[in-house]
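# Coordinate analysis (summary)
Listed below are the residues making up each chain.
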Amino acid sequence: MASTTPNHPALTGKQHPATISLGYFIFASRWLQVPLYLGLIVAQVVYVWQFMKELWHLTEGAFSGHGLTEADTMLYVLGLVDVVMISNLLIMVIVGGYETFVSRIRLDDHPDQPEWLSHVNANVLKTKLAMSIIGISSIHLLRTFIDSARVPEQQMLWQVVIHLAFVVSALALAVIDRMSLTAHQRAANAVAAGEAEPDPRLSPAH
């Protein structure tokens, strides 16, 4: 006797064409992030211009008749380092974010491929961004300490508190990331970082 069961997508395990099309459309919406990363590239250009201005002020002050004190020179240099670190943060967000959330860049054979890009994911990117923010905050804090004679004590106190909040947040992100990893993922990350040899027991073939 022939079966009378209807050929329904839910019963046959096949998705309806409309559902598949909707899924592809939603997946393609990731390309809407491209203008955001292009905007960050424009911000990178602005920071390059800002760096050149700071460098010109430092050079002009050092070789002019007035000269610069050691503290002023250090403040200028720390300003340059601050701009560089923020620029590095922008590069990490642009390249890592595009690789993670939009499309693969395919730099496997490129000699200038960043080491961290080969095993970047959302959790790794968040942790690296948190560490970069701590570095930037440290530079700002050091500049405040050097210029402490002209900075109110309450402002210095709040900067220290905010810096400690960044440190605690980064530690929390690192702990949560480590807790969420399986044994296989930890071993794969160690192999990718060159800290361990591949374990055949954790191979997908097993």
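So, here's what we can say about the structure. (Residues numbered from 1 in each chain as written. Predicted model: local features only at pLDDT ≥ 70, side-chain atom pairs only at ≥ 80, totals over all residues. Heavy atoms only, no water.)

Here the focus is the overall build of the protein chain. Each helix and strand counted, the protein chain has 7 helices and 0 strands in total. Of the regular secondary structure in the protein chain, the N- to C-terminal order runs α-α-α-α-α-α-α. For the protein chain, the residues scored as buried account for 22% of the 206 residues in total. Entry remark: accessible area of the protein chain is about 14800 Å², with carbon and sulfur atoms responsible for 66%. (Helix = DSSP H or I, 4+ residues; strand = E, 2+ residues; numbered from the N terminus. Buried < 20%, exposed > 50% of the residue type's maximum accessible area, 1.4 Å probe, protein only. Areas by Shrake-Rupley, 256 points an atom, 1.4 Å probe, with all protein chains shown as cover.)

Now for helix H3 (residues 34-63). Between the first and last C-alpha of H3 there are 44 Å, a value that for 30 residues agrees with the 44 Å anticipated at 1.5 Å per step. Those residues of H3 that fall on the buried side of the exposure criterion are Tyr37, Gln44, Leu58 and Gly61. Lining the buried residues of H3 we find helix H4 (70-101). (Expected span 1.5 Å × (residues − 1). Contact = heavy atoms within 4.5 Å.)

Counted by the stated rule, this structure contains 2 aromatic pairs. Taking 6.4 Å as the distance between ring centres and 70 degrees as the angle between the ring planes, the aromatic pair formed by Trp31 and Tyr98 counts as edge-to-face. Here Tyr98 lies in helix H4 and Trp31 lies in the loop between helix H2 (17-28) and H3, a separation of 67 residues in the sequence. Assessed through its relative accessible area of 24%, Tyr98 is described here as partly exposed. Here Tyr37 and Tyr98 contribute two aromatic rings whose centre-to-centre distance is 6.4 Å and whose plane-to-plane angle is 80 degrees, an arrangement assigned as edge-to-face. With a gap of 61 residues between them, Tyr37 in helix H3 and Tyr98 in helix H4 connect regions that are remote in the sequence. Taken together, Trp31, Tyr37 and Tyr98 form an aromatic cluster joined through their ring pairs. (Phe/Tyr/Trp six-rings, centres within 6.5 Å; stacked < 30°, edge-to-face > 60°.)

On to the nonpolar core, then. Core analysis: the largest hydrophobic core is formed by 6 residues, namely Ile86, Leu89, Met92, Leu125, Leu129 and Ile136. Where this core is concerned, the elements lending two or more residues are H4 and helix H5 (122-146). (Core = buried A, V, L, I, M, F, W, Y, C linked by side-chain atoms within 4.5 Å.)

So, on to a nonpolar patch on the surface. Taken together, Ile133, Leu157, Trp158, Val161, Ile162 and Phe166 make up a surface patch of nonpolar side chains, about 550 Å² in accessible area. The dominant element in the nonpolar patch, judged by the number of residues it contributes, is helix H6 (residues 153-180), at 5 residues. For Phe166, the location among the structural elements is in helix H6. (Patch = residues over 30% accessible without salt bridge, like charges linked within 9 Å, V, L, I, M, F, W, Y side chains within 5 Å. Salt bridge = Lys/Arg side-chain N within 4 Å of Asp/Glu carboxyl O.)

For the structure shown, the criterion picks out 1 salt bridge. One salt bridge connects Arg150 with Asp147, and the closest N-O pair in it is separated by 2.7 Å.

Bringing the packing of H5 against H6 into the picture now. At a minimum axis separation of 9 Å, H5 and H6 run at an interaxial angle of 160 degrees. Here H6 runs roughly antiparallel to H5, going by the angle between their axes. The element H5 and its partner H6 pack so that their crossing is left-handed. Within the contact of H5 with H6, the residues separate by chemical class into 12 nonpolar, 9 polar and 2 charged. (Axes fitted to C-alpha atoms, helices over the stretch in contact; angles between N-to-C directions. Parallel < 35°, antiparallel > 145°, perpendicular 65-115°, else oblique. Left-handed = near helix turned anticlockwise from the far one by under 90°. Nonpolar A, V, L, I, M, F, W, Y, C, P; charged D, E, K, R; others polar.)

Tracing the chain through its elements places Asp147 in the loop between H5 and H6. In terms of polar contacts, Asp147 uses its side chain to reach the side chain of Arg150, at 2.7 Å. (Polar contact = N/O pair within 3.5 Å; in protein donor to acceptor, adjacent residues only side chain to side chain.)

With that out of the way, let us pick up the packing of H3 against H4. Between H3 and H4, the least distance of the axes is 10 Å, while the angle of their chain directions is 165 degrees. Classed by the angle they form, the pair H3 and H4 counts as roughly antiparallel. Considering how the two elements wind past one another, H3 and H4 form a crossing that is left-handed.

Let's shift gears to the environment of Gly79. Of note, Gly79 is situated in helix H4. Taking relative accessible area as the criterion, Gly79 reaches 7% and is therefore assigned buried. Measuring from C-alpha to C-alpha, the distance between Gly79 and His140 comes to 8.4 Å, with 61 residues separating the pair along the chain.

A word on the side chain of Arg30. Topologically, Arg30 is positioned in the loop between H2 and H3. Of the side chains with opposite charge, Glu99 lies nearest to the buried Arg30, which makes no salt bridge, at 11 Å. Arg30 has contacts with Phe101 and Val102, leaving out every residue within four places of it along the chain. (Lys, Arg positive; Asp, Glu negative; His and termini not counted.)

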